[in-house]
Amino acid sequence: MLSEEQNKALTQVGAGTPMGELLRRYWMPIAAVAELDDRPTKPVRLLGENLVLYKDKAGTYGLVDRHCPHRRADLSYGWADDCGLRCHYHGWLWDHTGRCLQQPFEEIAHPEARFKDRVRIKAYPVEAKAGLLWAYLGPPPAPLVPTWEPFTWANGFVQIVFSEVPCNWFQCQENSIDPVHFEWLHSNWSRALGGAGGRSPAHLKVGFEEFEYGFIYRRVLEGQSEQDELWTVGRCCLWPNCLFTGGHFEWRVPIDDGHMLSVGWFFDRVPNEMEPYKQDRIPYWVSPIKDALTDRWITSHVMNQDFVAWVGQGTVADRTQEHLGKSDRGVIMMRRRILEDAERVARGEEPKAVLRDAEKNRCVRLPIIGRDFFVNGSSQVESEISRQRTPGLPLRKEFPFLTGQPEEVRAAYRRAMGLPEPGVDARSPAG
């Protein structure tokens, strides 16, 4: 149980708040690279700030204040020009550093005044990596965007999925270090929803430890032992706002105190028979979280089930009313550590897991269950066997994590995996 002040410290993300200042020390994924290839401007709300993301015709990315400082027009309706973002209202042109490059009428009426040199707009750096666009809202010098090991893997089908969830970011991130919820929320509840009987294997033992880039959680289920990778390797709660399970990342990006952007990056290793495989474009899509007919939360997919649990805690979970147990040891460890990091930032010190060593950042290794499979792959037959042996490894015929996968992404995935279309016999010439 936490005090009201501690709960506020964990959940408020605006500039000047303890957690807001801590989170501004890290790069946040806010969009897909392909999004701005499709449409070069996008309104963004991040850490309580209203911004606009753009890609100009020279290929430069920018993230600037949503409102033009001339007459406060919404710059998300502006257009990407040759070297910046142009306001649709009076044509003022802004570059990615916040400089005003042009004020068309002012330069005709009073060219000697150079009014444009005296006006600036709030601007933040943006970098592209792994098919994502990352933003940094903190003080200079900016750290490096992490090159997590899976970003370097070849021969994989990657897709990026977004969902906006109407609750605070931290109750979502706490889920990242809560192994027991898998047994109930994703296994037993799924059985109940589907009308199946019986129970999934129970957790016999859980363990938690801190490492350089976050926390590792370990577990032993019925029918397993401490020799299994779920215990010897474990899964990662990445600092400060990510879950990493080996084949995918889930970032919980704070929009503001009451809303969170779920950003999922999913890697599926293609079978050896389909190598070499290279994606020219990483697809992205938005997953719905509510049923349009019933207005109820969708419960059919793994992460949708997480969303139901998170929003059910309220817009901001009231941790003064909790009664924590033994399974919550990881949650308690994470809360304590992140509050300590917020205090470090307040003292002018560097928080945990900030990367500044370029050589180290060439490939940041993480604990990964089934690493050899992801790196070296296997045949389709071997993939089916590994699925039975180690939880979480492909070959997956359908996408289990989020609902609403577009047909074109589903079809591209099946082609990459060498899977026949439903109804087509894999042994036939058409298969």
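Model, not experiment: these values are computed from the prediction. (Residues numbered from 1 in each chain as written. Predicted model: local features only at pLDDT ≥ 70, side-chain atom pairs only at ≥ 80, totals over all residues. Heavy atoms only, no water.)

1. Remarks on the packing of aromatic side chains
Summed over the entire model, instances satisfying the criterion amount to 25 aromatic pairs. Seen from their ring centres, Trp169 and Phe170 are 5.2 Å apart, and the 70 degrees between their planes marks the pair as edge-to-face. For the pair Trp169 and Phe170, a shared accessibility class is recorded, and that class is buried. Aromatic pair Phe373 and Phe374: ring centres 5.5 Å apart, planes at 70 degrees, arrangement edge-to-face. No difference in accessibility class separates Phe373 from Phe374, as the two residues are buried. Site record: aromatic cluster; members linked through ring pairs are Trp134, Phe151, Trp153, Phe244, Phe249, Trp251, Trp265, Phe267, Phe373 and Phe374. One residue, Arg219, lies across the ring of Phe182, its end atom 4.5 Å from the ring centre. Sitting over the face of the ring of Trp297, Lys290 holds its NZ or CZ atom 4.5 Å from the ring centroid. (Phe/Tyr/Trp six-rings, centres within 6.5 Å; stacked < 30°, edge-to-face > 60°. Buried < 20%, exposed > 50% of the residue type's maximum accessible area, 1.4 Å probe, protein only. Lys NZ or Arg CZ within 6 Å of the ring centre and 35° of its normal.)

2. Let's talk about the sheet that holds strand S3 (residues 49–55)
Sheet architecture is open: four strands sit in the order S2-S3-S4-S9, paired in antiparallel fashion. Two strands close off the open sheet at either side, each with one partner strand: strand S2 (41–46) and strand S9 (123–124). In this structure, strand S4 (residues 61–65) lies alongside S9, joined through two bridges in antiparallel fashion. Looking at S9, one finds that Leu63 is bridged to Tyr124. (Pairing = 2+ DSSP bridges. Helix = DSSP H or I, 4+ residues; strand = E, 2+ residues; numbered from the N terminus.)

3. Quick look at the pairing of strand S12 (residues 156–165)
Extensive coverage of S12 is indicated by the burial of nine of its 10 residues. Taken together, the 10 bridges between S12 and strand S18 (residues 259–269) define a ladder with antiparallel strand orientation. Bridge pairing in S18 links Gln159 to Phe266. Looking at chain direction, S12 and strand S19 (residues 284–286) are connected through three bridges and run parallel. Counterpart to Ile160 in the pairing with S19 is Tyr284.

4. Quick word on the pattern of salt bridges
Following the criterion strictly, the structure yields 34 salt bridges and no others. Measuring nitrogen to oxygen at the nearest pair gives 2.9 Å for the salt bridge that ties Arg252 to Glu250. A relative accessible area of 3% means that Glu250 is categorised as buried. One salt bridge in this structure joins Arg335 and Glu322, with 2.8 Å as the shortest N-O distance. Taken as a pair, Arg335 in helix H9 (residues 329–346) and Glu322 in the loop between helix H8 (302–311) and H9 lie far apart in primary sequence, 13 residues in all. Overall, Glu322 belongs to the buried group, its relative accessible area being 16%. Counted as one network, the salt bridges with shared partners bring together Glu210, Arg337, Asp341, Arg344 and Lys352. (Salt bridge = Lys/Arg side-chain N within 4 Å of Asp/Glu carboxyl O.)

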